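Single-letter residue listing:
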Amino acid sequence: MASIRRMPERTIAFYEVVASASGDQTRVPAMEWDRALGDLATATVQDRMVDKEMTLVGSVATVLEQNHLLLHRVKDSTEWLSMMDWSTGEWRELEQNASRGFVDTSAICFLPFGNVVGIMQGSVSAPSHKGLETWLNELHLFPDTRLAIRPVLSKAEVERLGTAHGASRIEIKIGNHKASVLRGRNGRLASFLRLAQEAYGDINVTMIISVPRGKARDEDRQALLDDLRDIAPVAPGAADRARAKLVYAEADGAERSRLVELTEHHITAKRRVSAVDDDGNSIRILSAVDAILDVAAEHEGELRAAVGADLG
């Protein structure tokens, strides 16, 4: 029983909500998330539901007078669900009906700066940031703005990309379920990866591009860097692996290289979340919200710097 009731570590990841138009993403002033969620709290279930590739339903949880979002994925009626009694080993099937259903839930907190959102998925099949993006846009929570949600990257890594003069080698691995994240990216790397998926269907793709040394290839290394910069903002959400050897020019004309891991600099943290208190009462939502806000406070300076919302 102890192994069944253990508290696994759950990942808290931070994203930035931006405006999206014609493939371009731009930052917008802080949006009134608390008011929008307050209005949502009184809406009917149907008015909080989006039925696209999956069915998503939003609920509002108020913790310490602040509204937070619980985004649920409705389990399909064909999914096999069972319940087991751990004291007897007996189990029985669970079936959905017209008035009830089972859901996977993610806890989502909108921070009071820079349109930053912290997400903790309750399970691997709970809504991700892409599910949140779909839900926000289909629900028209902010009707005048098409929204995109992108990972918040460590500013230090973004600056390294910005100061490099070229890239001599890149290696990218993208799983079949993540290629859609590259939609809206216009560089050649994104185009190559999309073309592979279009040609062969749902596949895993690993791409390695290496540009030989030599002054004659400076322009090629610069072009490769430009294409890398194009996908860098979405790399943490799109790629299973993305690394590059960047080239920097010294004042004396010499070159130096630095290996950069693009998928490992999405600002995240892991926390254990209690499901029940000592009396057996469910506290998982409160625990999840507390964990997200604690991590956000711990990383506030880094998060603010990454989205241009520095203090003072």
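These figures come from a predicted structure and were not determined experimentally.

1. A look at the sheet that holds strand 13 (residues 241-249)
Turning to step 1, where the next piece is worked out: The four strands are arranged 12-11-13-14 in an open sheet whose pairing can be described as antiparallel. Of all strands in the sheet, those bounded by a partner on one side alone are strand 12 (205-210) and strand 14 (255-261). Each strand axis lies, on average, 10 degrees off the axis of its neighbour in the sheet, ignoring direction.
Turning to step 2, where the next piece is worked out: The pairing of strand 11 (residues 166-174) with strand 12 spans six bridges and is classified as antiparallel. Each bridged residue has a counterpart across the sheet, and for Ile170 the counterpart in strand 12 is Ile209.
Turning to step 3, where the next piece is worked out: Packed onto the sheet, helix 3 (residues 155-163) meets strand 13 and strand 14 and runs at close to 50 degrees relative to strand 13.
Turning to step 4, where the next piece is worked out: The strands that helix 5 (residues 218-231) touches are strand 11, strand 12, strand 13 and strand 14; relative to strand 11, the one it contacts most, it runs at about 40 degrees.

2. Observations regarding the packing of aromatic side chains
Any two aromatic rings considered together are summarised by their centre-to-centre distance and by the angle between their planes.
Turning to step 1, where the next piece is worked out: By the definition in use, this model includes two aromatic pairs.
Turning to step 2, where the next piece is worked out: Ring plane angle 10 degrees and centroid distance 4.2 Å describe the contact between Trp33 and Phe110, whose orientation is recorded as stacked. Note that Trp33 is positioned in helix 1 (residues 33-41) and Phe110 in strand 8 (residues 103-110), a separation of 77 residues in sequence.
Turning to step 3, where the next piece is worked out: Judged by relative accessible area, which is 5%, Trp33 ranks as buried.
Turning to step 4, where the next piece is worked out: The buried category is assigned to Phe110, whose relative accessible area is 6%.
Turning to step 5, where the next piece is worked out: Between Trp33 and Phe142 the ring centres are 4.9 Å apart and the planes differ by 75 degrees, which places this aromatic pair in the edge-to-face class. Of this pair, Trp33 sits in helix 1 while Phe142 sits in the loop between helix 2 (129-139) and strand 10 (147-151), and the two are 109 residues apart along the sequence.

3. Focus on the pattern of salt bridges
Turning to step 1, where the next piece is worked out: Tallied over the full model, the rule gives 17 salt bridges.
Turning to step 2, where the next piece is worked out: Between Arg150 and Glu16 there is a salt bridge, and its shortest N-O distance comes to 3.4 Å. Of the two residues, Arg150 is situated in strand 10 and Glu16 in strand 1 (residues 9-21); the sequence distance between them amounts to 134 residues.
Turning to step 3, where the next piece is worked out: In this structure, Glu171 engages Arg243 in a salt bridge whose closest nitrogen and oxygen atoms are separated by 3.6 Å.

4. Here we look at the confidence of the model for the chain
Predicted coordinates in areas of low pLDDT are best not read in detail.
Turning to step 1, where the next piece is worked out: Summing up the model confidence of the chain, the mean pLDDT is 85 and the portion of residues at 70 or higher is 91%.
Turning to step 2, where the next piece is worked out: At the level of individual helices and strands, the chain shows its lowest average pLDDT in helix 6 (residues 235-238), which scores 72, and its highest in strand 9 (residues 116-121), which scores 96.

5. Structural notes on the packing of helix 4 (residues 188-200) against helix 5
Turning to step 1, where the next piece is worked out: Running from N to C, helix 4 and helix 5 point in directions that differ by 70 degrees, and their axes come no closer than 7 Å. Between helix 4 and helix 5, the angle is such that the two are roughly perpendicular. Taking contact as the criterion, the partners of Arg188, Leu189 and Ala190 in helix 4 are, on helix 5, Ala223, Leu224, Asp227, Leu228, Asp230 and Ile231.
Turning to step 2, where the next piece is worked out: Residues of the contact of helix 4 with helix 5, tallied by class, amount to six nonpolar, no polar and three charged.

6. Things to note about the nonpolar core
Turning to step 1, where the next piece is worked out: Judged by nonpolar contacts, the single largest core of 29 residues is most densely connected at Ile170, Ile172, Leu189, Leu228 and Leu246.
Turning to step 2, where the next piece is worked out: Looking at this core, the elements with two or more residues in it are strand 11, helix 4, strand 12, helix 5, helix 6 and strand 13.
Turning to step 3, where the next piece is worked out: Residue contacts for Leu189: discarding those within four places in its chain leaves Ile170, Ile172, Met207, Ile209, Leu224, Asp227, Leu228 and Ile231.
Turning to step 4, where the next piece is worked out: Phe14, Met120, Leu303 and Ala309 belong to the second-largest nonpolar core, a separate cluster that totals 25 residues.

Calculation notes
Residues numbered from 1 in each chain as written. Predicted model: local features only at pLDDT ≥ 70, side-chain atom pairs only at ≥ 80, totals over all residues. Heavy atoms only, no water. Pairing = 2+ DSSP bridges. Helix = DSSP H or I, 4+ residues; strand = E, 2+ residues; numbered from the N terminus. Axes fitted to C-alpha atoms, helices over the stretch in contact; angles between N-to-C directions. Contact = heavy atoms within 4.5 Å. Phe/Tyr/Trp six-rings, centres within 6.5 Å; stacked < 30°, edge-to-face > 60°. Buried < 20%, exposed > 50% of the residue type's maximum accessible area, 1.4 Å probe, protein only. Salt bridge = Lys/Arg side-chain N within 4 Å of Asp/Glu carboxyl O. pLDDT = per-residue confidence, 0-100. Parallel < 35°, antiparallel > 145°, perpendicular 65-115°, else oblique. Nonpolar A, V, L, I, M, F, W, Y, C, P; charged D, E, K, R; others polar. Core = buried A, V, L, I, M, F, W, Y, C linked by side-chain atoms within 4.5 Å.

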